[in-house]
Amino acid sequence: MGGSAPRAVSRGAAHGPQAALAGVAPALSDYPDFDSVVALIRARRDMTLLVEVETNLRLVRYSPGRIEFQPTESAPVDLAQRLGARLQGWTGARWAVSVTNTGGGATIAERQAEQHSVNAAEALQNSIVLAVLEAFPKAKIAEIRSLTSPEDEAASAALPEVEDEFDPDWDPFEEDDG
């Protein structure tokens, strides 16, 4: 069959993220925010690029297909070029990745370190943690995990139960006359 399928276009009715992504190529609509770009880099297992993005990229502005960032002092000179090329290769769409001198926020690594500090300070308020650190003076907080039980984790990962009526008289081998 020749030609392309007809496509409905809505004018003025869409609002919010859907409106912003309406004119974006399908390959780019899968990346509505910068976190989804980072997830793509992680999924493609490009660990060098992932570490460089997490530690050297101070995001200024993001929209699907366009990334503007302020590099840290230790950022590789070709980070913008390599990031754009990899994203284009993975998504099949052209990405504009540009560098600016100001306006960037904290890097992903800086935000993670700040969250770890907040969590560690909160853990130090726990009497059990204080007792352990007092009993073992060389001990340090290496990792902080949430207090969910294995049962809670299994329940959240499990499929939801189906509510249906069970007829104890029903026989699957009996033919239905109705």
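Below you will find a few notes about this structure. All chains use their own residue numbering, which begins from 1 and follows the written sequence. Only residues with pLDDT of at least 70 are given local features in this predicted model, and only at 80 or more are side-chain atom pairs given and counted; all residues enter the totals for whole chains, interfaces and linings. Heavy atoms throughout the structure, all of them, feed into the side-chain values; hydrogens and water do not.

### Regarding the nonpolar core
Nonpolar side chains tend to gather and get buried jointly when the protein is soluble and globular. Judged by nonpolar contacts, the single largest core of 22 residues is most densely connected at F34, V37, V53, I67, L83 and W95. A helix here means a DSSP run of H or I that spans at least four residues, while a strand means a run of E at least two residues long, and both kinds are numbered starting from the N terminus. Broken down by element, the residue count for this core peaks at five residues, all from helix α3 (residues 34–43). Once you skip the residues sitting within four places of it in the chain, F34 turns out to touch V53, L57, L59, Y62, I67 and I108. By nonpolar core we mean a set of buried residues, namely Ala, Val, Leu, Ile, Met, Phe, Trp, Tyr and Cys, connected to one another through side-chain atoms within 4.5 Å. Each residue is assigned to one of three classes by its accessible area relative to the maximum for its type, calculated with a 1.4 Å probe on protein chains only: buried under 20%, partly exposed between the two thresholds, exposed over 50%. Contact criterion: two residues are considered in contact whenever any of their non-hydrogen atoms come within 4.5 Å of each other.

### Focus: unusual backbone geometry
Residue R45 is not a glycine yet carries a positive backbone phi of 60°. With relative accessibility at 70%, the residue R45 sits in the exposed group.

### Quick notes on the side chain of E54
Turning to its location among the elements, E54 is positioned in helix α4 (residues 47–56). The contact partners of E54, leaving out residues within four places of it in the chain, are V38, R42, T107, I108 and A109.

### With respect to the packing of α4 against helix α5 (residues 79–91)
Helices that pack against each other are described as a pair by the angle of their axes relative to one another and the distance between those axes. Lines are fitted to the C-alpha atoms to define the axes, a helix being fitted only along its stretch in contact, and any angle between axes, read from their N-to-C directions, falls within 0 to 180 degrees. One can describe the packing of α4 onto α5 by two numbers: an axis separation of 11 Å at closest approach and a directional angle of 130°. The angle between the axes of α4 and α5 places the two elements in the oblique class. Relative to α5, the crossing made by α4 is left-handed. Together, L49, E52, V53 and N56 of α4 and L79, R82, L83, R86 and W90 of α5 make up the contact between the two elements. Geometric relationships in this document are graded by angle, where less than 35 degrees denotes roughly parallel, more than 145 denotes roughly antiparallel, 65 to 115 denotes roughly perpendicular, and other angles denote oblique. Left-handed is the label given to a crossing in which the near helix is rotated counterclockwise from the far helix by less than a right angle, and right-handed is the label when the rotation is clockwise.

### A short note on the pattern of salt bridges
Salt-bridge detection follows one rule: a side-chain nitrogen of Lys or Arg within 4 Å of a carboxyl oxygen of Asp or Glu. Counted under the stated rule, the structure contains six salt bridges. A salt bridge links R86 to D46; its shortest N-O distance comes to 2.6 Å. Here R86 is found in helix α5, whereas its partner D46 is found in the loop between α3 and α4, with 40 residues between them in sequence. The residue R82 makes a salt bridge to D78 at a minimum N-O spacing of 3.1 Å. You can call R82 buried: its relative accessible area is 19%. For D78, a relative accessible area of 32% translates into the label partly exposed.

### Some remarks on the packing of aromatic side chains
By convention, a stacked pair of Phe, Tyr or Trp rings (six-membered ring in the case of Trp) has centres within 6.5 Å and planes under 30 degrees apart, an edge-to-face pair has planes over 60 apart, and any other such pair is tilted. Taken as a whole and judged by the stated rule, the model has three aromatic pairs. Between Y62 and W95 the ring centres are 6.4 Å apart and the planes differ by 35°, which places this aromatic pair in the tilted class. Residue Y62 is located in strand β1 (residues 57–63), and its partner W95 is located in the loop between α5 and β3 (96–99); the two are separated by 33 residues in the primary sequence. Exposure remark for Y62: the relative accessible area of 17% places this residue in the buried category. Given a relative accessible area of 6%, W95 falls into the buried group. Through a chain of ring-to-ring contacts, the aromatic side chains of Y31, F34, Y62 and W95 assemble into a single cluster.

### Let's talk about the side chain of N56
Inspection of the secondary structure assignment puts N56 in helix α4. Within the structure, the side chain of N56 is placed 3.0 Å from the side chain of S74, a separation counted as a polar contact. Apart from the residues within four sequence positions on either side, N56 is in contact with Q70, P71, T72, S74, A75, P76, L79 and T107. We call two N or O atoms a polar contact when they sit within 3.5 Å, provided that within protein one can donate a hydrogen and the other can accept it, with sequence-adjacent residues counted only if both atoms are side-chain atoms.

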